[in-house]
Amino acid sequence: MPRRMLSAAAVTVTTCALALTGCGSGSGSSGKDGGEVKVGLITKTDTNPFFVKMREGAEKEAKKQGVKLTTAAGKYDGDNAGQVTALENMISAGVKGILITPNDSKAIVPALAKARAKGILVIALDTPPEPQDAADALFATDNVKAGKLIGAYAKAAMQGKDAKIATLDLSPGVSVGVQRHQGFMEGYGITDKDPALVCSQDTGGDRAKGQTAMENCLQKAPGINLVYAINEPAALGAYTAIKAKGREKDVVIVTVDGGCEGVAAVKDGRIAATSQQYPLKMAADGVAAIVDYAKTGKKAGGYTDTGVQLIADKAQSGVDSKDAGFGIDNCWGK
């Protein structure tokens, strides 16, 4: 996802004011000092369905635990300055812990260090900071595994045909994109130097950019018959470009996300397979970990895998998958 800067005024605050008037119910759980427990959630944006579901998970868990939740988001995907401002406001408001999906994994590190120096538990969701131990803990999809699942599926689906592969990636150096790409290549059993890889383009995970990238790839290599896309918006953009060339029946598209729109595309055949991840669980588990820290002083640490499941309506021999019905029952977004 693109990494751009924005003024502090551009941060978008969602659900609760940064003054921490809070969400939740009741008087709030008490920490070791007897005070009300306050939890912060900062997502990349407040418009992407993935982060909407993440916020929903945090809200539900905060209500269940009886704590006050404040949420904020970058103005756009890549807005580090807005996230830094949100972090500083939450520190001032006395939160016990902060959950964050970093817009810039490296640039956010000094702000995370400030929070941790104040005794605040910092948990990264979905995207690790760089280095990963700049946060106390990471709750996220195993993105390498997600890529391996769709890579193995794609290999089986090609049934021995000579593959001409296009990869529609995220942005240079962004850990999520690197890991998914790496996983796909490993799952398929090739490297980036393999002649089967005929085109690679960055999309920022955006639908319109995915379409443009696919148009460029088809112009460069008209015989492309397999597409790996970083996420479902990029995959659906690719499908639009492929359909415009009348090739939607002979190009296999695989991706990662598990959103409701993406799973519907698996069901109707626009996407062959997707690795489904679970943002609601990431956030709910993160809130619970902060509450536990407030009560016991015990900090969550290391990496917690929040799960991934391959969704495909056309099962392939030797590749474990669930059908689109399962995917729809567990999807996020609309």
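Here the structure is a predicted model, which is why all the values come from computation and not from measurement. Positions within a chain are numbered from 1, following the residues in the order the chain's sequence is written. Local features in this predicted model are restricted to residues whose pLDDT is 70 or higher, and side-chain atom pairs enter the listing and the counts only when it is 80 or higher, whereas totals over whole chains, interfaces and linings include all residues. Water and hydrogen atoms play no part in the side-chain values, which are based on all heavy atoms of the structure.

1. Things to note about the side chain of Ser 105
Part 1 of the reasoning: What counts as a helix is a DSSP run of H or I of at least four residues, what counts as a strand is a run of E of at least two, and both are numbered from the N terminus. Counting through the fold element by element, Ser 105 comes out in the loop between strand S4 (97-100) and helix H3 (109-117).
Part 2 of the reasoning: Ser 105 sits in the buried class, given a relative accessible area of 5%.
Part 3 of the reasoning: Separated by 3.0 Å, the side chain of Ser 105 and the backbone oxygen of Pro 128 make a polar contact. When a residue's accessible area, from a 1.4 Å probe over protein chains only, is under 20% of the maximum for its type it is buried; when over 50% it is exposed; and in between it is partly exposed. N or O atoms closer than or at 3.5 Å make up a polar contact, with two conditions inside protein: a donor-capable atom paired with an acceptor-capable one, and, for residues adjacent in sequence, both atoms drawn from side chains.

2. With respect to the packing of helix H2 (residues 80-93) against H3
Part 1 of the reasoning: Running from N to C, H2 and H3 point in directions that differ by 5°, and their axes come no closer than 10 Å. With respect to H3, the element H2 is oriented roughly parallel. Residue-level inspection shows Val 84, Leu 87, Glu 88 and Ile 91 of H2 in contact with H3, the latter providing Ala 111, Leu 112, Lys 114 and Ala 115.
Part 2 of the reasoning: We call Asp, Glu, Lys and Arg charged. Ala, Val, Leu, Ile, Met, Phe, Trp, Tyr, Cys and Pro are nonpolar, and the rest, Gly among them, are polar. A breakdown of the residues in the contact of H2 with H3 according to their chemical character gives 6 nonpolar, no polar and 2 charged. For helices, the fitted axis covers only the stretch in contact; all axes are lines through C-alpha atoms, and the angles between them, taken along N-to-C directions, range from 0 to 180 degrees. Convention used here: angles under 35 degrees read as roughly parallel, angles over 145 as roughly antiparallel, angles from 65 to 115 as roughly perpendicular, and any remaining angle as oblique. Any pair of residues with heavy atoms lying within 4.5 Å of one another is described as a contacting pair.

3. Quick notes on unusual backbone geometry
Part 1 of the reasoning: The step from Glu 130 to Pro 131 runs through a cis peptide bond, and the omega angle for that step is 10°.
Part 2 of the reasoning: Even without being glycine, Asp 126 reaches a positive phi, approximately 70°.
Part 3 of the reasoning: For Asp 126, the position within the fold is in the loop between strand S5 (121-125) and strand S6 (137-140).

4. So, the state of the cysteines
Part 1 of the reasoning: Two cysteine sulfur atoms make up a disulfide if the distance between them is within 2.5 Å. Following the criterion strictly, the structure yields 2 disulfides and no others.
Part 2 of the reasoning: A sulfur-sulfur distance of 2.1 Å marks the disulfide that ties Cys 199 to Cys 217. One disulfide, between Cys 199 and Cys 217, carries an S-S torsion of -75° and so falls in the left-handed class. Taken as a pair, Cys 199 in strand S8 (residues 197-202) and Cys 217 in helix H6 (residues 207-220) lie far apart in primary sequence, 18 residues in all.

5. Details of helix H5 (residues 175-188)
Part 1 of the reasoning: Here a helix's expected span is defined as the number of its residues, less one, multiplied by 1.5 Å. Compared with the 20 Å implied by 1.5 Å per residue over 14 residues, the 20 Å span of H5 between its first and last C-alpha is a close match.
Part 2 of the reasoning: Of the residues making up H5, those classed as buried are Ser 175, Val 176, Gly 177, Arg 180, His 181, Gly 183, Phe 184, Met 185 and Tyr 188.
Part 3 of the reasoning: Those residues of H5 that are buried are in contact with helix H4 (143-158), strand S7 (165-169), S8, strand S9 (226-229), strand S10 (252-257) and strand S11 (273-277).
Part 4 of the reasoning: Of the residues flanking the end of H5, it is Gly 189, one or two places downstream, whose phi is positive at about 90°.

6. Regarding the sheet that holds S8
Part 1 of the reasoning: A pair of strands is considered paired only if DSSP assigns at least 2 bridges between the two. The 6 strands lie next to each other as S8-S7-S9-S10-S11-S13, forming an open sheet whose pairing is mixed. Across the chains shown, the open sheet's two edge strands, defined by having one partner strand only, are S8 and strand S13 (308-312). For this sheet, the mean inter-axis angle between neighbouring strands, taken without regard to orientation, is 15°.
Part 2 of the reasoning: In the packing of H6 onto the sheet, the strands contacted are S7, S8 and S9, and the crossing angle to S8 comes to about 155°.

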